[in-house]
Amino acid sequence: VIQPEPQPGDEVLHRIMAVTDAALSQLDNEALFNELLGRICALLSSDTAAIMLVDADAQQLVTVAACGLEDEVRQGFRLDIGMGFTGRVAATRAPVIVDRVDAETVMSSVLLRAGVHALAGVPMMADGELVGVLHVGTYRPRQFTEPDIALLQLVADRAALASQAGRHRAEREATLAIQRSLLPTRLPRVPGVDLAGRYVPGHHLGVGGDWYDVFKLPSGELGVVVGDVSGHGLRSAVVMGRLRSALRSYALIEDDPATVLAFLDRKIQHFEHGNLATVLYARISSDRTKMLLSSAGHLAPVLAAPGEPGRLLSLPVDLPVGVGDSSARCTVAVDLPIGCTVVAYTDGLVERRGEIIDEGQRRLAARVRAEPAESACTSIMAGMDVSDADDDVAILAIHTTVI
Amino acid sequence: VASQALEIDVVHETSGVVLALAGDLDLATAGDLVAAAEHVLAESGASQELVVDLGGVGFCDSAGISAMVTVRRLSTQYGWVLRVTKAQPQVRRVLELTGLTAHLNLT
């Protein structure tokens with residue numbers, strides 16, 4: 001048997017594969033893309049190469065890496081999907097070849113000024129989604145062939161996978177960073193209460209939009225919030241951050257918790273339309289003996305008085321914020337015996353598949369005793385088996401003390 | 001207990017359209033419900049009743065609730081009336097505790 005002579009391209013192709021395989025685990029996309037572009041230029045004897053990625057919000061393509069066209073990257077070149085040469089590749093999700101580059105066929109002034117004569121572009125797809133476009137060009141006339149396109153597509157597929165994996169990781173890290181920066185691990189030290197909180201990102205679904213917040217009010221009262229923006233990922237975390245700030249602002253100008261939540265509802269309907277959040281907002285009196293609270297579709301907190309078992313507060317529940325139905329909201333008053341512990345939480349703590357939510361709430365109530373906030377949190381987290389939870393879990397414990 | 005895929009049966013009746021769901025209504029499947037409802041609302045002519053039959057749904061999380069609120073909003077936009085029926089106890093409880101039984105017209 002006569003082995004075919006190895007083609008000069010084979011080794012380069014092999015190197016491209018090696019690069020992408022290693023990069024898929026290391027995920028430094030910028031370095032990977034630059035490496036890939038250099039190699040594809042060598043492989044296809046092309047003079048330019050570039051990767052443009054989809055900016056889904058803007059429905060545009062953005063040049064993120066280039067070889068021979070570095071100006072496009074520096075200038076942050078953007079193109080609407082459907083416009084120009086790469087825009088056509090993105091819109092049709094099919095290879096496009098341009099034999100003669102001119103202002104009719106190509107929109108990038110960098111490409112035009114660089115004197116590129118011929119271009120070939122392929123879509124970068126991952127999981128059936130368009131991730132970006134990879135294109136190569138030459139200064140001299142050139143007919144890109146079927147094998148050229150096949151090779152380009154192979155590299156584009158690899159780059160797409162690496163890009164997607166990197167983006168998922170980056171998004172998760174960014175989401176977690178937002179969540180961590182907005183959820184105080186050290187809660188304010190205020191007279192008459194001690195406070196503790198916990199946040200555990202969801203097991204399967206990743207980080208979501210749960211939050212808790214505690215702030216001093218100018219009157220000496222204390223504002224306490226636990227909320228849950230539906231959905232997961234960066235978007236939910238960003239909406240959570242906005243709602244958290246907005247609620248703080250409304251709490252400064254309005255005393256009644258129900259009215260604060262009504263303002264928040266208007267805010268979300270107008271500025272964050274389509275989002276939904278459950279929120280519990282409570283105002284604790286400056287002598288810490290009374291709590292006014294309002295629930296926008298949020299689960300009722302548990303209260304344990306000294307020497308008594310924890311009990312679920314009976315509380316009228318109004319619509320979540322963002323539902324788009326401005327029905328009335330109400331505020332209820334709850335007495336806080338000195339030395340009691342109140343625990344507010346999100347549904348991830350008590351909701352389990354195959355079980356009615358009351359079961360989880362009962363388990364939680366049985367766990368809550370009148371004890372310092374930190375040990376209450378520890379005991380709850382140990383007893384509720386959150387390792388099993390799909391969803392995020394946020395809890396906030398408030399223990400009242402003698403002032 | 002692992003997540004169950006969601007099956008959606010679309011049943012056309014004289015008074016409207018029933019979306020009969022079976023499986024889990026959670027983050028992974030919530031988008032399917034919204035897409036199915038949107039399709040029905042956009043394709044069917046005159047305004048009618050949209051019934052979401054939750055009889056086969058054993059689990060519903062906040063993403064599922066959010067999807068139902070979206071379906072209610074879409075129904076109103078198209079001039080339809082939404083009704084949610086046959087919720088199993090655990091799903092019914094979640095809707096009650098979220099204050100949504102009246103808004104979603106849960107029967």
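We now turn to the structure provided with this report. (Residues numbered from 1 in each chain as written. Chains lettered and ligands numbered in written order. Predicted model: local features only at pLDDT ≥ 70, side-chain atom pairs only at ≥ 80, totals over all residues. Heavy atoms only, no water.)

**Re the overall build of chain B**
And then number 1: Of the regular secondary structure elements, chain B holds three helices and four strands.
And then number 2: The order of α-helices and β-strands along chain B, N terminus first, is β-β-α-β-α-β-α.
And then number 3: Computed over the C-alpha atoms, the radius of gyration of chain B is 13 Å, within 12% of the 13 Å expected from 2.2 N^0.38 for a compact globule of 107 residues.
And then number 4: When its C-alpha atoms are laid out on the principal axes, chain B stretches across 40 × 25 × 20 Å.
And then number 5: Of all 107 residues assigned to chain B, the portion counted as buried reaches 52%.
And then number 6: Sequence-distant contacts in chain B: of pairs separated by 6 or more residues, those separated by 24 or more amount to 66%.
And then number 7: Accessible area for chain B stands at about 4500 Å²; split by element, carbon and sulfur atoms hold 51% of it. (Helix = DSSP H or I, 4+ residues; strand = E, 2+ residues; numbered from the N terminus. Rg over C-alpha atoms; globule rule 2.2 N^0.38 Å. Buried < 20%, exposed > 50% of the residue type's maximum accessible area, 1.4 Å probe, protein only. Contact = heavy atoms within 4.5 Å. Areas by Shrake-Rupley, 256 points an atom, 1.4 Å probe, with all protein chains shown as cover.)

**Some thoughts on the environment of Ser 285 of chain A**
Residues and elements named next belong to chain A.
And then number 1: Here Ser 285 is to be found in the loop between strand S10 (277-284) and strand S11 (290-296).
And then number 2: A residue is classified by how much of its surface remains accessible, and Ser 285, at 15% relative accessible area, is buried.
And then number 3: Between the C-alpha atoms of Ser 285 and Gly 220, which are 65 residues apart in sequence, the distance is 7.6 Å.
And then number 4: If near-sequence neighbours (up to four positions away) are discounted, Ser 285 is found in contact with Glu 221 and Lys 290.
And then number 5: Side-chain polar atoms of Ser 285 contact the backbone nitrogen of Thr 289, separated by 3.3 Å. (Polar contact = N/O pair within 3.5 Å; in protein donor to acceptor, adjacent residues only side chain to side chain.)

**Regarding the sheet that holds strand S1 (residues 7-13) of chain B**
All names here are of chain B.
And then number 1: Read from one edge of the open sheet, four strands run S1-S2-S3-S4, paired in mixed fashion. The open sheet has two edge strands with one neighbour each: S1 and strand S4 (81-85). The mean angle between the axes of side-by-side strands here comes to 20°, regardless of whether they run parallel or antiparallel.
And then number 2: Along the sheet, helix H1 (residues 30-43) contacts S1, strand S2 (16-25) and strand S3 (49-60); its crossing angle with S2, the most-contacted strand, is approximately 170°.
And then number 3: Packed on one face of the sheet, helix H2 (residues 62-77) meets S2, S3 and S4 and runs near 180° to S3. (Pairing = 2+ DSSP bridges. Axes fitted to C-alpha atoms, helices over the stretch in contact; angles between N-to-C directions.)

**A look at the interface of chain A and chain B**
And then number 1: Contacts between the two partners involve 29 residues from chain A, matched on the other side by 23 residues from chain B.
And then number 2: Counting the surface lost from both chain A and chain B, the interface buries some 2100 Å², and carbon and sulfur atoms represent 59% of this.
And then number 3: Our count for the chain A to chain B interface comes out at three salt bridges.
And then number 4: Residue Arg 353 of chain A pairs with Asp 24 of chain B through a salt bridge whose shortest N-O separation is 2.6 Å.
And then number 5: On inspection of chain A and its partner chain B, the count reaches five residue pairs in polar contact (both at pLDDT 80 or more).
And then number 6: Among the secondary structure elements, those contributing two or more residues to the side of chain A that touches chain B are strand S9 (222-232) and helix H9 (357-367) of chain A.
And then number 7: By residue number, the principal contributor to the side of chain A that touches chain B is S9 of chain A, which donates four residues.
And then number 8: Of the residues assigned to the side of chain A that touches chain B, the class counts are nine nonpolar, 10 polar and 10 charged. (Buried area = accessible area lost by both parts, 1.4 Å probe. Salt bridge = Lys/Arg side-chain N within 4 Å of Asp/Glu carboxyl O. Nonpolar A, V, L, I, M, F, W, Y, C, P; charged D, E, K, R; others polar.)

**Some remarks on the packing of aromatic side chains**
And then number 1: Evaluation of the coordinates by the stated rule reveals two aromatic pairs over all chains.
And then number 2: Aromatic pair Phe 215 of chain A and Tyr 281 of chain A: ring centres 6.3 Å apart, planes at 25°, arrangement stacked. Residue Phe 215 of chain A is located in strand S8 (residues 208-216), and its partner Tyr 281 of chain A is located in strand S10; the two are separated by 66 residues in the primary sequence.
And then number 3: Its relative accessible area of 0% is what places Tyr 281 of chain A among the buried residues.
And then number 4: The ring of Phe 59 of chain B has Arg 353 of chain A lying over it, and the distance from NZ or CZ to the ring centre is 4.1 Å. (Phe/Tyr/Trp six-rings, centres within 6.5 Å; stacked < 30°, edge-to-face > 60°. Lys NZ or Arg CZ within 6 Å of the ring centre and 35° of its normal.)

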